[in-house]
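Overview (structure and organization)
Each chain, written out:
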Amino acid sequence: MLLGAVAQAAQITDVKWGVNKADVLRIVVDVTDTAGYAVDMEGDTLNLTVNADKGAQVPHSKAVKSSLADSLKIVDKGSYTVVRVPLKQRLLEKSYKAFVLKKDSATGRPFRVVLDVMPRQASYSGSGAATTVVSNRPVVSNRPTKNNSSIKKNIVIKTSTAADKKADKKKSSSKNKNDNKKNTAAAKTETKVNKSDADKLAVIKGNGRFRTSGGLDGKIITLDAGHGGSDPGAIGSDGTKEKNITLPIAKMLKEILEDKGAKVYMTRTTDVDVFGPNASDAEELQARVNVGEKYNSDMFVSLHVNSSVNKNVGGFSTYYYPKTDNDLRLAKNIQNKLAANFGVDDLGVRQANFYVIKRISMPAVLVEMCFISNEKELTLMKGQWFQKKTARLIAEGIEKYFA
Ligand SMILES: [Zn+2]
C-alpha cells in the first residue's frame, strides 16, 4: 500500500541542539529536501528517525548541555538516519514532540525536522512513588484533562511518533504513539500507591500466577477494548472512532474464546471509561490493568487501532513488553496469524513500554488492528467481515499460544 518509492536522496547536512529558558531541549535536523520522520522511545533513549541519508560531514555524536541528555548519537542506517537521545531522566507523558519546518528560501533555511523534549516538572518529580507515566494513548487523543490532576498537563503535545522501521525503509514515515510509562509500586493485594499528595491510584495485584500451556480450556483471559467513554481514541476521516471499532471486535473475540472453553473478562462491555470520565491516563490505564489482576488472568489482550499522519501507512502490529518469558511468544502467535491471513502490511511484533502491557503481571499484548488514518483500512475495519476475521485470527493465535 505504500506507493512506490522513488528514493529522493534527501540528505542530512547538520544536527543542532539548543536549550531554552524552560529547559526544553530542542534538536534540529537540517535536511536538503522534505523527509519523513518518526519518534519513539527505546528504553530510556528517545529516537528521532529521519528518512534521509546522513551527510558525511555530520558527526556520529555530539555533546549536549542539558538536564535531559549529555549527548546525541547520530546513527547512519543506510536509507535513514536515527538521532538517538539517551535520557538522563524519565519523561512525563507526552513530553516530547516532533514537527517539521519548511524550507525558507527567504532566509536560506533548509527543510528541518525538529524534536522538542520537555524536562519533568519540578512539582511532580518530588513525588515519592510514581516517576513516569506511559500511556498507550493514540496520536489523536481527545481525552479531556482532569482538572485536579497533579500531573502537569500543560506540556501535552498533540503528537508523538514511533519509528516504523518497515515503512521507513519504503521511504515513508509514520507517526505512532507515545511511549511513556508509570512505575507503580507492586503489592500483594489491593493497595493504594501515592502518586502525589492529591492523587491516589488504586493498584490491584493478583496472585502473580498464570498458565501458559495446556490448551485454551479453562484459561482466564481479560480482553481490553481500547479507549471508551470520554476517550474516543483515534478518529478516522469520516468520524469513525477507535473506541467503537475495538469494542465489537473484543466482544466477538470473547465469544470465540468462550466457545473454545476459556473464561473471558472484559475491561469494558459498553462505551464507557473504565476508571471514570476524565480520569488521568494513569488512572484509566491502571483501572484496565486492575481487571486483569483481579481475576488472576492467564493473559491480557488490549485491542486498539492505529493512526498515523502518513495516510499510506497501514497494517497490523502486535506490541509486547518482555516482563515474562511468554510476552514475546504470545505476541508472535497473534501477529503471525494476522500477518498470514490479511492482505495488509505486516508491521511485525514490537516491543513497547505501553502501560497496560508493562504494568500487569501476566503475559500481555496490545494489538494494533490496522490504521484508521488509512482510507482503505478504515473502510475495512468498519465492516463485519474484517472485525470477525480479526477476532477469529487473534483467537487462533491465543489458542496456539496455549497449545
Ligand atoms: Zn488506541
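Residues numbered from 1 in each chain as written. Predicted model: local features only at pLDDT ≥ 70, side-chain atom pairs only at ≥ 80, totals over all residues. Heavy atoms only, no water.

The name an unreviewed UniProt entry gives the protein chain is N-acetylmuramoyl-L-alanine amidase, with Phascolarctobacterium succinatutens YIT 12067 as the organism.

1. Details of the overall build of the protein chain
The secondary structure content of the protein chain amounts to eight helices and 18 strands. For the protein chain, the residues scored as buried account for 57% of the 403 residues in total. Considering only intrachain contacts with a sequence separation of at least 6, the fraction spanning at least 24 residues in the protein chain is 73%. On the protein chain, roughly 15,900 Å² of surface is accessible, and the fraction owed to carbon and sulfur atoms is 49%. (Helix = DSSP H or I, 4+ residues; strand = E, 2+ residues; numbered from the N terminus. Buried < 20%, exposed > 50% of the residue type's maximum accessible area, 1.4 Å probe, protein only. Contact = heavy atoms within 4.5 Å. Areas by Shrake-Rupley, 256 points an atom, 1.4 Å probe, with all protein chains shown as cover.)

2. Considering the coordination of the zinc ion
Protein coordination at the zinc ion comes from H227 (NE2), E242 (OE) and H304 (ND1), with a distance range of 2.1 Å. Counting along the primary sequence, the residues that act as donors to the zinc ion give the motif H-x14-E-x61-H. Of this pair, H227 sits in the loop between strand 13 (220-225) and helix 3 (243-259) while E242 sits in the loop between strand 13 and helix 3, and the two are 15 residues apart along the sequence. (Donors = N, O, S within 2.8 Å, 3.2 Å for Na, K, Ca; no water.)

3. Some remarks on the nonpolar core
Formed by 42 residues in total, the largest nonpolar core has its most connected members in I221, L257, L303, V367, I394 and I398. A total of eight residues in this core trace back to one element, the largest contributor, which is helix 8 (residues 384-402). Counting 31 residues, the second-largest nonpolar core is a separate cluster that includes V39, V58, A69 and L91. (Core = buried A, V, L, I, M, F, W, Y, C linked by side-chain atoms within 4.5 Å.)

4. Observations regarding the pairing of strand 16 (residues 316-320)
The buried fraction of strand 16 amounts to five of the five residues, a majority that puts the element mostly inside the structure. Sheet topology places strand 16 next to strand 17 (residues 346-351); four bridges connect them, and they run parallel. Note on strand 17: the bridge partner recorded for T318 is V349. Following the chain from strand 16 across helix 5 (residues 327-341) to the adjacent parallel strand 17, one finds a crossover that is right-handed. (Pairing = 2+ DSSP bridges. Right-handed = clockwise from strand over helix to strand, strands pointing away.)

5. Overview of the packing of helix 7 (residues 375-382) against helix 8
In contact at an axis separation of 4 Å, helix 7 and helix 8 are set at 80° when each is read in the N-to-C sense. The angle between helix 7 and helix 8 falls in the class roughly perpendicular. For the pair helix 7 and helix 8, the contacting residues are L380, M381 and K382 in the first and Q384, W385, F386 and Q387 in the second. (Axes fitted to C-alpha atoms, helices over the stretch in contact; angles between N-to-C directions. Parallel < 35°, antiparallel > 145°, perpendicular 65-115°, else oblique.)

6. Some details on the sheet that holds strand 18 (residues 364-371)
In space, the six strands of this open sheet follow the order 14-13-15-18-16-17, with mixed pairing throughout. Across the chains shown, the open sheet's two edge strands, defined by having one partner strand only, are strand 14 (263-266) and strand 17. Strand-to-strand, the axes of this sheet are offset by a mean angle of 20°, without reference to chain direction. Pairing between strand 16 and strand 18: four bridges, direction antiparallel. Bridge pairing in strand 18 places F316 opposite M369.

7. So, the pairing of strand 1 (residues 11-19)
Where strand 1 lies against strand 5 (residues 53-54), two bridges are found, and the strand directions are parallel. Note on strand 5: the bridge partner recorded for I12 is K54. Note: strand 1 against strand 2 (residues 25-31), seven bridges, orientation antiparallel. By the bridge assignment for strand 2, W17 is matched with I27. Counted between consecutive antiparallel strands, the loop separating strand 1 from strand 2 contains five residues, among which D23 sits at a positive phi close to 75°.

8. As for unusual backbone geometry
Residues other than glycine seldom take positive phi values, yet H227 does so here, at roughly 65°. What makes H227 buried here is its relative accessible area of 2%. Non-glycine residue C370 carries a positive phi angle of around 70°. Mapping C370 onto the fold places it in strand 18. Overall, the relative accessible area of 0% leaves C370 in the buried class.

9. A short note on the side chain of S373
Turning to its location among the elements, S373 is positioned in the loop between strand 18 and helix 7. At a separation of 2.8 Å, a polar atom in the side chain of S373 contacts the main-chain amide nitrogen of S308. What S373 contacts, discounting residues up to four positions off in sequence, is N306, S307, S308 and K311. (Polar contact = N/O pair within 3.5 Å; in protein donor to acceptor, adjacent residues only side chain to side chain.)

10. Some remarks on the packing of helix 3 against helix 8
Between two packed helices, both the angle of their axes relative to each other and the distance between the axes serve to describe the pair. As a packed pair, helix 3 and helix 8 sit with axes 9 Å apart at the nearest point and diverge in direction by 50°. Relative to helix 8, helix 3 is oriented oblique. By crossing handedness, the relation of helix 3 to helix 8 is classed as right-handed. Listed contacts from helix 8 to I245, P248, I249, M252, L253, I256 and L257 of helix 3 are Q384, F386, Q387, K388, T390, A391, R392, I394, A395 and I398. Tallied by class, the residues present in the contact of helix 3 with helix 8 amount to 12 nonpolar, three polar and two charged. (Left-handed = near helix turned anticlockwise from the far one by under 90°. Nonpolar A, V, L, I, M, F, W, Y, C, P; charged D, E, K, R; others polar.)

11. A closer look at the environment of I249
Turning to its location among the elements, I249 is positioned in helix 3. I249 sits in the buried class, given a relative accessible area of 0%. Placed 145 residues apart in sequence, I249 and I394 show a C-alpha to C-alpha distance of 9.9 Å. With near-sequence residues (within four places) excluded, I249 lies in contact with L303, M369, F386, Q387, T390 and A391.

12. Re helix 5
Along its 15 residues, helix 5 runs 22 Å from first to last C-alpha, staying within 8% of the 21 Å computed at 1.5 Å per residue. Within helix 5 the residues assigned to the buried category are D327, L330, A331, N333, I334, Q335 and L338. Structurally, helix 5 contributes buried residues whose contacts are with strand 15 (299-306), strand 16, strand 17, strand 18 and helix 8. (Expected span 1.5 Å × (residues − 1).)

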